[in-house]
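Residues per chain are reported as follows:
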Amino acid sequence: MSTKDTVEAAQATTRPEAAVTPADAGDAGYSKDLKARHVNMIAIGGAIGTGLFLGAGGRLHNAGPALALAYLVCGVFAFFVVRALGELVLYRPSSGSFVSYAREFLGEKGAYVAGWMYFLNWSTTGIADITAIALYTHYWSLFTPIPQWVLALVALAVVLAVNLISVKIFGEMEFWFSIVKVATLVSFMVVGIVLLATRHHVDGHRPGLSMISDHGGVFPHGLMPVVLVMQGVIFAYAALELVGVAAGETAEPHKVVPRAVNSIMWRVGLFYVGSVVLLALLLPGSLYSADESPFVTVLSRIGVPAAGDVMNLVVLTAAMSSLNSGLYSTGRILRSMAVAGSAPKFTRVMSRTQVPYGGILLTCGICVLGVGLNYLVPSQAFEIVLNVASLGIVSTWVIIMVCHMIFVRRARAGLVTRPHFQLKFSPLTEIATIAFLLVCLGMMWNDAEVGRKTLLLIPVIAVMLVAGWFGVRRRVSENAGRQLPQPAK
């Protein structure tokens, strides 16, 4: 079925009255100011970030050209997750997104775990983002004298202000951030294709298949390094689920979401896999480094002036975009939880401009702790929080797939109706995706320095979640009857 057919079929199943009374009480009070172009660019922005602009250098060095296969495999499973979420969105759009679906299909305990693990993901990612922003800003000598923690605090204040004004301002900021990222990638790919077509020397190397065949082949270091980078590649795709959150604040989710979700697959193929293949054909993998963007490595070696400055600005933009998205999404998720009673009461508060500022400020407060981390251990702050965030990402995606499996089971029992926009081959697709994500998580054990310590945090987080549940369960029980989502009609 074509995208156009899918959209038309989805529209045909829409009921006008569904927009009047939200099925989830946490969805009440939001504006519908996000346009189609905003949601499309949020989808692109979620697929393109520092994981590609910066992280691909070190991964190319370790895994070689086979990194393109790693991006492709992880991209396919990421697409399955977003496709499953997209189907749930068309069934019942909600700003609470997968937390609202977890409440419907897994109960209040499931929603509680989903929400707080997502909060863990974005609050720690936010710390990583402000750390990255401070590091990238130090690239310019003008900012070198300014302490890293001060720059981190300034970045947080700017993005916080944008999020508190209105959802429309957030959408516009994310739109232009994504434009910068896409324009940069397209420009580089044009340059790379020209270099490849003309066989123009890059730092004394002639581009082409010989860059792969003469330097160890597709797997220069064997299969294991490729397997080990999978966990980092999964992190590069984090934020794709933002499409589901944004759908709750767009006037026509049944039109917008299928287009945005369907376009993710070719964007992954073009931008991630395509750019990594180009990088592998232009220079040997051993010349790339974790300390430098691979795009800067290529451009600087063909004599492009200020390549480092331009790419540093783009990576800075990507980090700002991620921080922007994190504050936006956690504000909505926490409000959905607060209405149910599983998050602090103040996180359900809305501003006059229909922004859930309580939840945004809570996430911001955790990020301020990150400013302290930048003050105490500036050299280790980024790596510490990045690994903790990966626990939140994997748990979020697993919960989305479990919710979708239960949704399909209920649909087959005649209890709910599936939209025409569907994830195919259920439950095999969900089971394969969950298994893949858990294997990627388990592979962190091979990293004795940081990854293993991160996995040992799982029992600690589990104890905190259990203790927290006993603290909120009475309030959740009192609110359950008032706000339990009803199946979409």
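Note that the coordinates shown come from a computational prediction; the quantities given were computed from them, not determined experimentally.

> Now, about the overall build of the chain: what can you tell me, with residues and values included?
Counting its secondary structure elements, the chain contains 20 helices and 0 strands. Among the 489 residues that make up the chain, the fraction classed as buried is 57%. Counting only contacts in the chain whose residues sit at least 6 apart along the sequence, the fraction spanning at least 24 positions is 81%. Surface summary for the chain: the accessible area is close to 19,500 Å², and the carbon and sulfur share equals 67%.

> Describe helix α5 (residues 67–91), and please don't skip the residues or the numbers.
Given a rise of 1.5 Å per residue, 25 residues ought to cover 36 Å, and the 36 Å separating the end C-alpha atoms of α5 matches this to within 8%. With 20 of its 25 residues buried, α5 lies for the most part within the structure.

> Hey, could you go over the nonpolar core for me, with residue numbers and the actual values?
Counting 155 residues, the largest nonpolar core has F53, Y71, W116, Y237 and W397 as its most contacted members. Per-element tally for this core: the top contributor is helix α6 (residues 97–137), with 19 residues.

> Talk me through the environment of G248; I want residue IDs and the actual numbers.
In this fold, G248 is placed in the loop between α12 (242–246) and α13 (253–282). Residues G248 and R332 lie 84 residues apart in sequence; the distance between their C-alpha atoms is 9.3 Å. Contacts of G248, omitting those with residues within four sequence positions, involve K32, S94 and S95.

> Requested: an account of the packing of aromatic side chains, with residues and values cited.
All told, the structure shown has 17 aromatic pairs when counted by the stated rule. Taking the centre distance of 6.3 Å and the plane angle of 85° together, the rings of Y71 and Y237 count as edge-to-face. Taken together, the positions of Y71 in helix α5 and Y237 in the loop between α11 (230–236) and α12 put the pair 166 residues apart, joining distant regions of the chain. For the pair Y71 and Y237, a shared accessibility class is recorded, and that class is buried. Both rings, one in Y91 and one in F407, keep their centres 4.8 Å apart while their planes meet at 50°; by these two values the pair is tilted. In this pair, Y91 is assigned in helix α5 and F407 in helix α17 (residues 381–412), connecting sequence segments 316 residues apart. With relative accessibility at 6%, the residue Y91 sits in the buried group. Feature note: the residues F53, F188 and F295 constitute an aromatic cluster, connected by ring pairs. Lying across the ring of F175, R37 places its NZ or CZ 4.7 Å from the centre. Here R83 stacks its cationic end above the ring of F421, 4.0 Å away from the centre of that ring.

> So what's going on with the confidence of the model for the chain? Residues and values would help.
Detail in the predicted coordinates should be disregarded across regions flagged by low pLDDT. Averaged over all residues, the pLDDT of the chain is 83; the fraction at 70 or higher stands at 89%. Looking over the chain, one finds the lowest element-wise mean pLDDT in helix α1 (residues 3–12), namely 38, and the highest in helix α18 (residues 428–442), namely 94.

> I'd like a rundown of the side chain of S329, residues and numbers included.
Relative to the elements of secondary structure, S329 occurs in helix α15 (residues 307–340). Other than its neighbours up to four places away in sequence, S329 contacts Y118, W122, L242 and V245.

> So what's going on with the packing of helix α8 (residues 167–198) against α15? Which residues, and what values?
α15 packs onto α8 with a crossing angle of 150° between their chain directions and a minimal axis gap of 9 Å. Between α8 and α15 lies a crossing whose hand is left-handed. Across from V167, F170, M173, E174, F177, V180, K181 and T184 in α8, the residues of α15 making contact are M311, V314, T317, A318, M320, S321, N324, S325, Y328 and R332. Considered class by class, the residues forming the contact of α8 with α15 number 10 nonpolar, 5 polar and 3 charged.

> How would you sum up a nonpolar patch on the surface? Please name residues and give values.
Among the surface-exposed residues, L69, L72, V218, F219 and L223 lie close enough to one another that they form a single nonpolar patch of about 420 Å² accessible area. If you trace the backbone, F219 turns up in the loop between α9 (210–213) and α10 (224–228).

> Now, about unusual backbone geometry: what can you tell me, with residues and values included?
For residues that are not glycine, phi is negative in most cases, and the peptide bond is trans in most cases. With omega at 5°, the peptide bond leading from S426 into P427 counts as cis. You can see P427 is positioned in the loop between α17 and α18. Non-glycine residue D203 carries a positive phi angle of around 55°. Topologically, D203 is positioned in the loop between α8 and α9. One non-glycine residue, F425, lies in positive phi territory at about 60°. Relative to the helices and strands, F425 resides in the loop between α17 and α18. Assessed through its relative accessible area of 68%, F425 is described here as exposed.

> Before we move on, can you summarise the pattern of salt bridges with the specific residues and values?
All told, the structure shown has 6 salt bridges when counted by the stated rule. Residue R92 is joined to E104 by a salt bridge in which the shortest nitrogen-to-oxygen separation is 2.9 Å. Of this pair, R92 sits in the loop between α5 and α6 while E104 sits in helix α6, placing them 12 residues apart in sequence. The exposure classification of R92 matches that of E104, with both residues buried. Between K255 and E252 there is a salt bridge; the shortest N-O distance is 3.4 Å. Taking the relative accessible area as the measure of exposure, K255 reaches 28% and is therefore partly exposed.

> Which residues make up helix α7 (residues 148–165), and what values do they have?
Taking 1.5 Å as the rise per residue, α7 with 18 residues should run 26 Å; its terminal C-alpha atoms sit 27 Å apart, in good agreement. Along α7, the residues that are buried comprise Q148, L151, A152, A155, L156, V159, L160, V162 and N163. Along the long axis of α7, the arc covered by the buried residues comes to 165°, so they all point the same way.

> Hey, could you go over the side chain of S390 for me, with residue numbers and the actual values?
In this fold, S390 is placed in helix α17. With sequence-adjacent residues up to four places away left out, S390 is seen in contact with Q231 and M444.

Criteria and thresholds
Residues numbered from 1 in each chain as written. Predicted model: local features only at pLDDT ≥ 70, side-chain atom pairs only at ≥ 80, totals over all residues. Heavy atoms only, no water. Helix = DSSP H or I, 4+ residues; strand = E, 2+ residues; numbered from the N terminus. Buried < 20%, exposed > 50% of the residue type's maximum accessible area, 1.4 Å probe, protein only. Contact = heavy atoms within 4.5 Å. Areas by Shrake-Rupley, 256 points an atom, 1.4 Å probe, with all protein chains shown as cover. Expected span 1.5 Å × (residues − 1). Core = buried A, V, L, I, M, F, W, Y, C linked by side-chain atoms within 4.5 Å. Phe/Tyr/Trp six-rings, centres within 6.5 Å; stacked < 30°, edge-to-face > 60°. Lys NZ or Arg CZ within 6 Å of the ring centre and 35° of its normal. pLDDT = per-residue confidence, 0-100. Axes fitted to C-alpha atoms, helices over the stretch in contact; angles between N-to-C directions. Left-handed = near helix turned anticlockwise from the far one by under 90°. Nonpolar A, V, L, I, M, F, W, Y, C, P; charged D, E, K, R; others polar. Patch = residues over 30% accessible without salt bridge, like charges linked within 9 Å, V, L, I, M, F, W, Y side chains within 5 Å. Salt bridge = Lys/Arg side-chain N within 4 Å of Asp/Glu carboxyl O. Arc of directions from axis to C-beta.

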